[in-house]
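Analysis of the macromolecular model
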Amino acid sequence: MPTHNAAPVRESARVPAPDTTHLTDTQPMAPVRPPGPRPRRRRRGVPAWLVRLPLLAATGLVLLLILVVMFIAAHQMQYASRIFPGVSTYGVDLSGLTFDEAARALDARFEYDDRAVFTFRDGDNFWQMTAGQLGVSLDTRQTVNTAMLQGRADNLLVNLVAQGEMWLKGRVIAPVIVYDQTVAEAFLQEI
């Protein structure tokens, strides 16, 4: 006894096979395929993922290279008129400062010309003069020019290496101190 209610198959629902007796063609008929996707044949040879993997790696490297070039270009544009990171002089960090900002920072920090006092004796007489009165001064413009030139050579590769070293290790440049002997002579002639 059946456990489910199945509809009886009617004889009229069946499709009769085509009558091929009247065909006189000697060529065989091509089999009729049911509609739908064709079955995939397994190819022998290199698997598709093995071809795609190097293409994916090459695409990734090209994209990485583009990102690195964009980062370098943005960094160069950001510091086009500024001192590169890591540059300092006379205890003043000049990183990222413009020419005028660096000159003001150095002028505010340099006090040697006012604080250093020299004493001259002649018997019982003595005279005290500051370093500035004797012609000692900081050449701010030349010091800042030297700071601005750090990491700016003619070769881009040399520049990038220098900028990387300055960023990682820092670079201390010597301040340019000027001694004007004529100022000292004129001041000493008065005494």
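Everything below is about the structure shown above.
To start, this report covers the structure provided alongside it.

Each value, and the rule that gives it
Residues numbered from 1 in each chain as written. Predicted model: local features only at pLDDT ≥ 70, side-chain atom pairs only at ≥ 80, totals over all residues. Heavy atoms only, no water. Helix = DSSP H or I, 4+ residues; strand = E, 2+ residues; numbered from the N terminus. Buried < 20%, exposed > 50% of the residue type's maximum accessible area, 1.4 Å probe, protein only. Contact = heavy atoms within 4.5 Å. Pairing = 2+ DSSP bridges. Core = buried A, V, L, I, M, F, W, Y, C linked by side-chain atoms within 4.5 Å. Phe/Tyr/Trp six-rings, centres within 6.5 Å; stacked < 30°, edge-to-face > 60°. Lys NZ or Arg CZ within 6 Å of the ring centre and 35° of its normal.

1. A look at the environment of Val 87
Tracing the chain through its elements places Val 87 in strand β1 (residues 87-89). Among the residues examined, Val 87 registers a relative accessible area of 0% and is labelled buried. As a C-alpha pair, Val 87 and Val 172 span 85 residues in sequence and 5.9 Å in three-dimensional space. Contact partners of Val 87, with chain neighbours within four places excluded, come to Val 92, Asp 93, Leu 94, Ser 95, Ala 147, Gln 150, Met 166, Arg 171 and Ile 173.

2. Examining the pairing of strand β4 (residues 125-130)
Examined bridge by bridge, strand β3 (residues 117-122) and β4 share six bridges and lie antiparallel to one another. Paired with Thr 119 across the bridge in β4 is Gln 128. The turn linking β3 back onto β4 is made up of two residues, and Gly 123 within it adopts a positive phi angle of 70°.

3. Topic: the nonpolar core
Core analysis: the largest hydrophobic core is formed by 17 residues, its most contacted members being Ile 83, Val 87, Leu 94, Leu 106, Val 144 and Ala 147. Looking at this core, the elements that each hand over two or more residues are α2 (99-109) and α4 (140-149). Dropping the residues within four chain positions of it, Val 144 is found in contact with Phe 99, Ala 102, Ala 103 and Leu 106.

4. Digging into the packing of aromatic side chains
Evaluated as defined, the whole model comprises three aromatic pairs. Plain terms: the ring middles of Tyr 90 and Phe 110 are 5.5 Å apart, the flat faces sit at 50° to each other, and that makes the pair tilted. Remark: Phe 110 occurs in the loop between α2 and α3 (112-115) and Tyr 90 occurs in the loop between β1 and β2 (92-93); sequence separation between them is 20 residues. The exposure class assigned to Phe 110 is buried, which follows from its relative accessible area of 9%. Note on Phe 110 and Tyr 112: the rings are 6.4 Å apart at their centroids and 50° apart in plane angle, and the pair reads as tilted. Of the aromatic side chains, those joined through ring pairs into one cluster are Tyr 90, Phe 110 and Tyr 112. Sitting over the ring of Phe 126, Arg 121 keeps its end group 5.7 Å from the ring centre.

5. Some details on the side chain of Asn 159
Counting through the fold element by element, Asn 159 comes out in helix α5 (residues 156-169). The class for Asn 159 is buried, based on a relative accessible area of 10%. Those residues in contact with Asn 159 that sit more than four places away from it in its chain are Gly 151, Arg 152 and Ala 153.

6. Re the sheet that holds strand β6 (residues 171-172)
In spatial order, the strands read β2-β1-β6; together these three strands make up an open sheet with mixed pairing. Each having just a single partner strand, β2 and β6 make up the two edges of the open sheet. Judged from the two bridges that link them, β1 and β6 form a sheet pairing that is parallel. Opposite Ser 88, over in β6, you have Val 172 as the bridge partner.

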